[in-house]
Amino acid sequence: MTTLPTTSQEAPATGAARRGLGSTLILALGTFAVGTDATAMAGFLPSVADTLQVSHAVAGQVTAVFAISYALLAPLLATVTARIPRRALLVGSLLLLALADTAAALAPSYLALMAARVLASVGAATYTPAAAAVAADLVPPAQRGRAFAVVIGGLTIATALGVPLGNLADRLLDWRTAIGLVTALTALCAVAVFAVMPRLPGQPRVPLARRLRALRHPGVLAVLPLTVLALTAGYGLYPYAIPVMHALGAGDDAEMWLLALYGTGAVLGNLVSGAAVDRYGPIRVLAVSFTAIAVTMAGAALVAGAGVHWLPLTALLMVAWGVCGWSQTTAQQVRLISAVPQEASVVIGLNSSALYLGIALGTGFGGFVLESSVPVALAACSGVAVLGLGYLALTRRYR
């Protein structure tokens, strides 16, 4: 979801480099907190809906507003905050996220919760790119890939664990306390970053106009919409995973481990697709991925519509949903870098924004079609995946 940034200083000495590799674990804890903040809400949306007296579909728009705010603000925030010393920026963004979560936990109304999530997106959209940049600065060039993988690994683990952990906290406590626990984790991360991170200067500012100029390139314009389609098809119903699982025959006692299966599938999909892109190329991987999304969602629609309640089948569908829903990002990044290799960090940043825009639009679309029924919603997402296959065929020359 982010990219290896352009660093602002030479590689540190060997002793500092060893310290830097250890320090990236603290940065990864921060990205785990950010990722958990972004995903855990889906684990207790039904409770949010009941407390604030809105429908599940309307409650799901809390996820959409976070995602679309992240998508729109990330390029602007990267430009505005470029020259701020890195440690201050990291600590400040985490504290802002903690403040926003506090406001969300205390929100007396749906509108207040929405406003708090917009504020949270500012902290998240500031922290994650900055953490990647700092990780790359802390180590020699030969170790930057490892450092980056550690930091982004925090987001990957949050994808796998965030929703089931949120669901568990909601079951044992309540949704407001669950958000409070994320607040405490975020604040702890801020303290740890302040204590461990060395002082690093700000970075040269990349003008917003330069970041957006890459959108003029035909390859970028052709590739980015597919990211939006992928997230709309594969993620659009995830904030409503609990009612979807119930329609597939899962009881309340199975929610948490089924969500964990989805998260495990998401991690596997990300890892397997990365290796597959190196071997088979991005177009083939994307074609398989979109086909898998279409088949999985159509199969789930048939199961839900027929009233088949067999838990092993539901578990298989949840794993497949996670695998195919998160197997496009690496392929899309490779295509973008191939299109504009001299602007790699800029175009991958744009892909990150497109990813969050896809989450926002997908969540809105998912909530809309869910008002009809779960089978209709699943079939609609399958249809979007088929649309993605057609769009891929039209743009396959951009490899």
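The rules behind each value
Residues numbered from 1 in each chain as written. Predicted model: local features only at pLDDT ≥ 70, side-chain atom pairs only at ≥ 80, totals over all residues. Heavy atoms only, no water. UniProt positions renumbered as here; feature names shortened; annotations may be inferred. Helix = DSSP H or I, 4+ residues; strand = E, 2+ residues; numbered from the N terminus. Buried < 20%, exposed > 50% of the residue type's maximum accessible area, 1.4 Å probe, protein only. Contact = heavy atoms within 4.5 Å. Areas by Shrake-Rupley, 256 points an atom, 1.4 Å probe, with all protein chains shown as cover. Phe/Tyr/Trp six-rings, centres within 6.5 Å; stacked < 30°, edge-to-face > 60°. Lys NZ or Arg CZ within 6 Å of the ring centre and 35° of its normal. Expected span 1.5 Å × (residues − 1). Core = buried A, V, L, I, M, F, W, Y, C linked by side-chain atoms within 4.5 Å. Domains from an automatic or database assignment. Axes fitted to C-alpha atoms, helices over the stretch in contact; angles between N-to-C directions. Parallel < 35°, antiparallel > 145°, perpendicular 65-115°, else oblique. Left-handed = near helix turned anticlockwise from the far one by under 90°. Nonpolar A, V, L, I, M, F, W, Y, C, P; charged D, E, K, R; others polar. Salt bridge = Lys/Arg side-chain N within 4 Å of Asp/Glu carboxyl O. Polar contact = N/O pair within 3.5 Å; in protein donor to acceptor, adjacent residues only side chain to side chain. Patch = residues over 30% accessible without salt bridge, like charges linked within 9 Å, V, L, I, M, F, W, Y side chains within 5 Å.

Per an unreviewed UniProt entry, the chain goes by Putative MFS family arabinose efflux permease and derives from Thermopolyspora flexuosa. As recorded by UniProt, the Subcellular location (unreviewed entry) comment attached to the chain reads in full: "Cell membrane".

**Topic: the overall build of the chain**
Within the chain, the secondary structure is distributed over 16 helices and 0 strands. In the chain, which comprises 399 residues, the share counted as buried stands at 56%. Sequence separation of 24 or more characterises 88% of the internal contacts of the chain that already satisfy a separation of 6 or more. When the accessible surface of the chain is summed, it comes to about 15600 Å², and 70% of that surface belongs to carbon and sulfur atoms.

**Focus: the packing of aromatic side chains**
Scanning the model with the defined rule gives 6 aromatic pairs in all. Counting every residue linked through ring pairs, the aromatic cluster contains Tyr 235, Tyr 238, Tyr 262, Trp 321 and Trp 326. When the ring centre of Phe 194 is taken as origin, the NZ or CZ atom of Arg 87, which lies over that ring, is 4.8 Å away.

**Points about helix α9 (residues 218–235)**
In an α-helix, one turn spans 3.6 residues; hence positions three or four apart end up facing the same way. The end-to-end C-alpha separation of α9 is 27 Å, in line with the 26 Å expected for 18 residues at 1.5 Å each. Counting buried positions along α9 gives 15 out of 18 residues, so the element sits mostly inside the fold.

**A word on the nonpolar core**
Taken as a class, soluble globular proteins show a tendency for nonpolar side chains to be buried jointly. In terms of nonpolar packing, the biggest core is built from 89 residues, with Leu 27, Leu 90, Leu 237 and Leu 378 touching the most fellow members. In this structure, this core is formed jointly by two domains, domain 1 (19–205) and domain 2 (209–398), each of which donates at least three residues. If we skip the residues at most four places from it in the chain, Leu 237 touches Val 244, Met 297, Trp 321, Gly 366, Leu 370, Ala 377, Leu 378 and Cys 381. One finds Val 48, Ala 49, Met 114 and Ala 169 within the second-largest nonpolar core, a separate group that totals 21 residues.

**Points about the packing of helix α12 (residues 282–306) against helix α13 (residues 311–325)**
Across the interface, α12 lies against α13 with an axial gap of 9 Å and an inter-helix angle of 150°. With respect to α13, the element α12 is oriented roughly antiparallel. For the pair α12 and α13, the sense of crossing is left-handed. Contact residues: α12 offers Ser 289, Ala 292, Ile 293, Thr 296, Met 297, Ala 300 and Val 303, while α13 offers Leu 313, Leu 317, Ala 320, Trp 321, Cys 324 and Gly 325. Residue composition of the contact of α12 with α13, by class: 10 nonpolar, 3 polar and no charged.

**Brief notes about α13**
With 15 residues, α13 should cover 21 Å at 1.5 Å per step; its first-to-last C-alpha distance of 21 Å lies within 8% of that length. Every buried residue belonging to α13 is among Thr 314, Ala 315, Leu 317, Met 318, Trp 321, Gly 322, Cys 324 and Gly 325, and all of these are buried. Turning to α13, the residues buried within the fold contact α9, α10 (241–247), α11 (255–280) and α12.

**Some thoughts on the pattern of salt bridges**
Side chains carrying opposite charge are able to pair once their charged atoms draw close together. Scanning the entire structure with this criterion turns up 2 salt bridges. As a salt-bridge pair, Asp 101 and Arg 117 come within 3.4 Å of each other at their nearest N and O atoms. Placement of the pair is Asp 101 in helix α4 (residues 86–105) and Arg 117 in helix α5 (residues 110–138), with a sequence separation of 16 residues. The residues Asp 101 and Arg 117 share a single accessibility class, namely buried. What you see here is one network of salt bridges that share partners, running through Asp 37, Asp 101 and Arg 117.

**Describing the side chain of Thr 232**
Note on placement: Thr 232 falls in helix α9. Judged by relative accessible area, Thr 232 falls into the buried class, the value being 9%. At 2.8 Å, the side chain of Thr 232 and the backbone oxygen of Val 228 are in polar contact. Those residues in contact with Thr 232, other than ones at most four positions away along the chain, are Gly 358, Leu 361, Gly 362, Phe 365, Cys 381 and Val 384.

**Some details on a nonpolar patch on the surface**
A contiguous nonpolar patch, built from Ile 157, Leu 161, Leu 165, Leu 168, Leu 172, Leu 173, Leu 181 and Met 256 and spanning about 700 Å² of accessible area, is present on the exposed surface. Among the secondary structure elements, Ile 157 is positioned in helix α6 (residues 144–172). You can call Ile 157 partly exposed: its relative accessible area is 45%.

**What to know about the environment of Ala 169**
Mapped onto the fold, Ala 169 is located in helix α6. Since its relative accessible area comes to 12%, Ala 169 is described here as buried. Taking the C-alpha atoms as reference, Ala 169 lies 8.6 Å from Phe 44; in sequence the two are 125 residues apart. Those residues in contact with Ala 169 that lie beyond four places of it in its chain are Asp 174, Ala 178 and Leu 181.

**Here's the deal with the environment of His 246**
Following the sequence through the fold, His 246 ends up in helix α10. The exposure class of His 246 is partly exposed, given its relative accessible area of 33%. Counting along the chain gives 63 residues from His 246 to His 309, while the straight-line C-alpha distance between them is 9.3 Å. Residues in contact with His 246, not counting those within four places in the same chain, are Gly 251, Asp 252 and Glu 255.

**Points about the packing of helix α2 (residues 45–52) against helix α3 (residues 56–80)**
α3 packs onto α2 with a crossing angle of 115° between their chain directions and a minimal axis gap of 9 Å. Between α2 and α3, the interaxial angle falls into the category roughly perpendicular. Where α2 crosses over α3, the two elements pack in a sense that is right-handed. Contact residues: Leu 45, Pro 46, Ala 49 and Asp 50 in α2; His 56, Ala 59, Gly 60 and Thr 63 in α3. Counted by class, the contact of α2 with α3 contains 4 nonpolar, 3 polar and 1 charged residues.

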